[in-house]
Amino acid sequence: MNRLLLDVLDGQQTERPPVWLMRQAGRILPQYRAVRAGLSSFKELVKNTDKAAEVTIQPVDELGVDAAIVFSDILVIPEAMGLDYELVKNTGPVFSRVIENEKDIDQMGEGDAAAEKIDYVYDVIQEINKRLENRVPLIGFCGAPWTLFCYMLEGHGSKTFSKARRFLYQHPEQSKRLLDKITSVTIAYLTRQIQSGVDVVQIFDSWAGVLGHEKYNEFGLTYIRRILEGLPEGTRSIVFSKGAYSSLDQLIDLPCTALSFDWMRTAKELTQKIGHKKVIQGNLDPCVLYGAPEVIEAETKQILSAFDRGHIMNLGHGVYPDTPLEGVRHFVNTVKSYRYDSI
Ligand code: CP3
């Protein structure tokens, strides 16, 4: 088995960092587009054990990445709690109704009962592991409570998520009740993913950066911490709180194994601040992959040498769907041929 990712997370020395890409399973791959074309919706694909396992493994076969990530979406939790969504082409997720008041929050499912409704993901995980035959570790994931709260209040994507932020000031106690419910489902959901066979979990807080320092600590990190503390002993975890630099000290204090960062801070700044307290994942701008091969190589090597050991190479956010496959391949191969200086 290629244990690079697990070794780095376990604090062991490796000859190079592992590499994988957020959103690696998806539209960058022609094989994905072919599978997707045969099905009527994204949700159908997520719930199809055979096909979801197939598209999870495609980037391992095609790109040679050092980890697979379960093909699913963060929105399966709101759906299991009672809010239905559809993915609308060129728009993104759209919910058929949103949370508006206390009654709506009362109606939302919670805990094990809601997590049980996502049983198709646990089946997919078992199927992936049968087919992966231990070639690379498998990453499970979820959305952080704050990011899911954003979609549940807003009903769709937004630049500002001002409806969700407004609700925090108008109804702080109700906001906390909803975040409590999401957290209870998430702990049960991730625990089931681990029992089903994922080796690592990543928590995506894509909209962390729309909250200021105090509000993010109160309405964001409180719940991420509770999730981490609720997971089985020894779980390897990565937290990606995109744009939450004003809470960097609090992120470093979280009981997680690794922190993932976007490209807004340099490797030097991050390593100086974090040291070896956490493994660091990131943080190449996904747009680098549209550059010429020599640009991709130079930008990637600059990050590799700046981080040194205790690093997982990744992008600073998900790979964009129209990224040239050759650019992605060149990035992965640059990392795979890199070697740390021996000490
Ligand atoms: O990383 C992977 O390869 C695993 C699969 C994965 C998907 N979504 C599949 C997907 C993961 C880890 C996610 C996470 C996710 N989903 C996040 C957090 C990461 C981030 O990007 O910030 C968020 C915010 C979502 C919500 C979501 N799902 C949006 C905003 C969209 C539309 C945008 C888009 O990329 O089309 C989705 C749809 C989605 N999720 C697709 C895929 C492959 C595209 C569906 C299609 O095939 O048309």
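Cut-offs applied
Residues numbered from 1 in each chain as written. Predicted model: local features only at pLDDT ≥ 70, side-chain atom pairs only at ≥ 80, totals over all residues. Core = buried A, V, L, I, M, F, W, Y, C linked by C-beta atoms within 7 Å. Buried ≥ 20, exposed ≤ 12 C-beta atoms within 10 Å, placed from the backbone. Contact = placed C-beta atoms within 7 Å. Near = placed C-beta within 6 Å. Nonpolar A, V, L, I, M, F, W, Y, C, P; charged D, E, K, R; others polar. Helix = DSSP H or I, 4+ residues; strand = E, 2+ residues; numbered from the N terminus. UniProt positions renumbered as here; feature names shortened; annotations may be inferred. Axes fitted to C-alpha atoms, helices over the stretch in contact; angles between N-to-C directions. Parallel < 35°, antiparallel > 145°, perpendicular 65-115°, else oblique. Left-handed = near helix turned anticlockwise from the far one by under 90°.

We now examine the nonpolar core. Val70 and Phe149 are the most contacted members of the largest nonpolar core, which totals 110 residues. Residues contacting Phe149, with those up to four places away along its chain left out, are Ala164, Leu178, Leu179 and Ile182.

Every one of the 22 residues lining the ligand counts as a neighbour, but Ala25, Gly26, Gly92, Phe204 and Ser206 are closest to it. Within the shell around the ligand, the residues separate by chemical class into twelve nonpolar, six polar and four charged.

Now for the environment of Trp263. Position of Trp263 among the secondary structure elements: in the loop between strand 7 (258-260) and helix 14 (267-274). Along the chain, Trp263 and His317 lie 54 residues apart, while their C-alpha atoms are 8.4 Å from each other. Apart from residues no more than four positions distant in its own chain, Trp263 is found in contact with Asn283, Leu284, Asp285 and Gly316.

Turning our attention to the UniProt feature "site: Transition state stabilizer" (unreviewed entry) in the chain. Sites flagged by UniProt as "site: Transition state stabilizer" (unreviewed entry) map to Asp73. Here Asp73 lies in the loop between strand 1 (68-69) and helix 5 (76-81). By C-beta crowding, Asp73 is classed as partly exposed, having 18 other C-beta atoms within 10 Å.

Turning next to the packing of helix 9 (residues 145-154) against helix 11 (residues 172-196). At a minimum axis separation of 9 Å, helix 9 and helix 11 run at an interaxial angle of 120°. In terms of their interaxial angle, helix 9 and helix 11 are classed as oblique. Crossing of helix 9 over helix 11 shows right-handed handedness. Here Pro145, Leu148 and Phe149 of helix 9 come into contact with helix 11, specifically with Leu178, Leu179, Ile182, Thr183 and Thr186. Counted by class, the contact of helix 9 with helix 11 contains six nonpolar, two polar and no charged residues.

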